Amino acid sequence: LEGKRLATAESITGGGIGAKLTAVPGSSKVYAGGIISYTDEVKKQLLGVPGELLRQFGAVSAPVAEAMASGVRERLQADFGLSVTGLAGPGGDDFGNPVGTVFIAYEDQSCALVQQFCFAGSDKAYLFDEHYLNSIVDSGNISKDDVIIEIGPGLGVLTTRIAERAKKVYAIEI
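All of these numbers come straight from a predicted model, not from anything done at the bench. In this numbering scheme, every chain counts its residues from 1 along its sequence in written order. Whole-chain, interface and lining totals are the exception, using all residues; otherwise, since this is a predicted model, local features are given only for residues with pLDDT of at least 70 and side-chain atom pairs are given and counted only at 80 or more. Water and hydrogen atoms play no part in the side-chain values, which are based on all heavy atoms of the structure.

A.B. asks: Is there a simple way to explain the overall build of the protein in this structure?
C.D. replies: Segments assigned H or I by DSSP are reported as helices when at least four residues long, segments assigned E as strands when at least two residues long, and all are numbered from the N terminus. Each helix and strand in the protein was counted, giving six helices and eight strands. Overall, the protein shows an N-to-C arrangement of helices and strands of β-α-β-α-α-α-β-β-β-β-α-β-α-β. Residue burial is assigned from relative accessible area. The probe radius is 1.4 Å, only protein chains are included, and a residue is buried under 20% of its type maximum, exposed over 50%, and partly exposed in between. With 174 residues in all, the protein has 42% of them scored as buried. Note on areas: these come from Shrake-Rupley sampling with a 1.4 Å probe, and a residue is covered only by the protein chains present in the view. Accessible surface, the protein as shown: approximately 8,800 Å² in total, 51% of it carbon and sulfur.

A.B. asks: Help me understand helix α4 (residues 62-75) in this model?
C.D. replies: An ideal rise of 1.5 Å per residue puts 20 Å on 14 residues; α4 measures up with 20 Å between its terminal C-alpha atoms. Buried residues of α4: Val64, Ala65, Ala67, Met68, Ala69, Gly71, Val72 and Arg73, and no others. The backbone nitrogen of valine 64 lies 3.4 Å from a side-chain oxygen of the residue at the head of α4, namely serine 61. Positive phi appears at glutamine 77, one or two residues downstream of α4, with a value of about 50°. Multiplying 1.5 Å by the helix residue count minus one yields the expected span of that helix. Counted as a polar contact is a pair of N or O atoms within 3.5 Å, where, for protein atoms, one must be capable of donating a hydrogen and the other of accepting one, and residues adjacent in sequence contribute only when both atoms are in side chains.

A.B. asks: How should the packing of aromatic side chains be read in this particular structure?
C.D. replies: Both the distance between ring centres and the angle between the ring planes are used here to describe each pair of aromatic rings. Side-chain rings of Phe, Tyr and Trp, where Trp is taken by its six-membered ring, are said to pair if the distance between their centres is within 6.5 Å; with planes under 30 degrees apart they count as stacked, over 60 as edge-to-face, and otherwise as tilted. This structure, assessed with the given rule, holds one aromatic pair. Each ring, one from phenylalanine 80 and one from tyrosine 106, has its centre 6.0 Å from the other, and the planes form 25°; the classification is stacked. Here the residue phenylalanine 80 occupies a position in strand β3 (residues 80-86), and tyrosine 106 occupies one in strand β4 (residues 101-107), the gap between them amounting to 26 residues. On the basis of relative accessibility, which here comes to 26%, the residue tyrosine 106 falls in the partly exposed class.

A.B. asks: Would you mind going over the side chain of serine 37 with me for this structure?
C.D. replies: Positionally, serine 37 belongs in the loop between β2 (31-36) and α2 (40-47). Any two residues having at least one pair of non-hydrogen atoms within 4.5 Å are treated as being in contact. Not counting residues within four places of it along the chain, the set of residues in contact with serine 37 comprises Glu10, Ser11, Val42, Lys43, Leu47 and Met68.

Interpretation note: all reported values are geometric properties and have no functional meaning in isolation.
Right, dumping it as structure tokens:
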């Protein structure tokens, strides 16, 4: 990311990604900042998510996740936008999404990617940086029912170690 900047738009994670990124020394060189957009109003007002997308698809959807990534990238003048929106519960939404549905979107100047995840039925879902995940793996506190999302630079070895123990592992390298 040298010379490039990342911005985040978070809903379900409530600023957790930004907190993990800013805990890394020197992160201000690559992390522009983030917007916690827990409500539809914040998604519309601060990220520019069209109200029509929210009405048609709901806040927990691929189109909204993509619009969030685009909006935060544009508003914070970053090279990369990353967004997370999801449904923590206690119940599903009006669009048929079960609890545990999460969309993560990425956008840069040449492409946009959105991935849907379903954590329903998982005992736990972790969203932590490499250092914290290392301590979890080393402690042996990962079970076959856990879901891991790893965000950080230089992924690979840790992801492989986790994959041996967890049900699902998703890695996002930045």
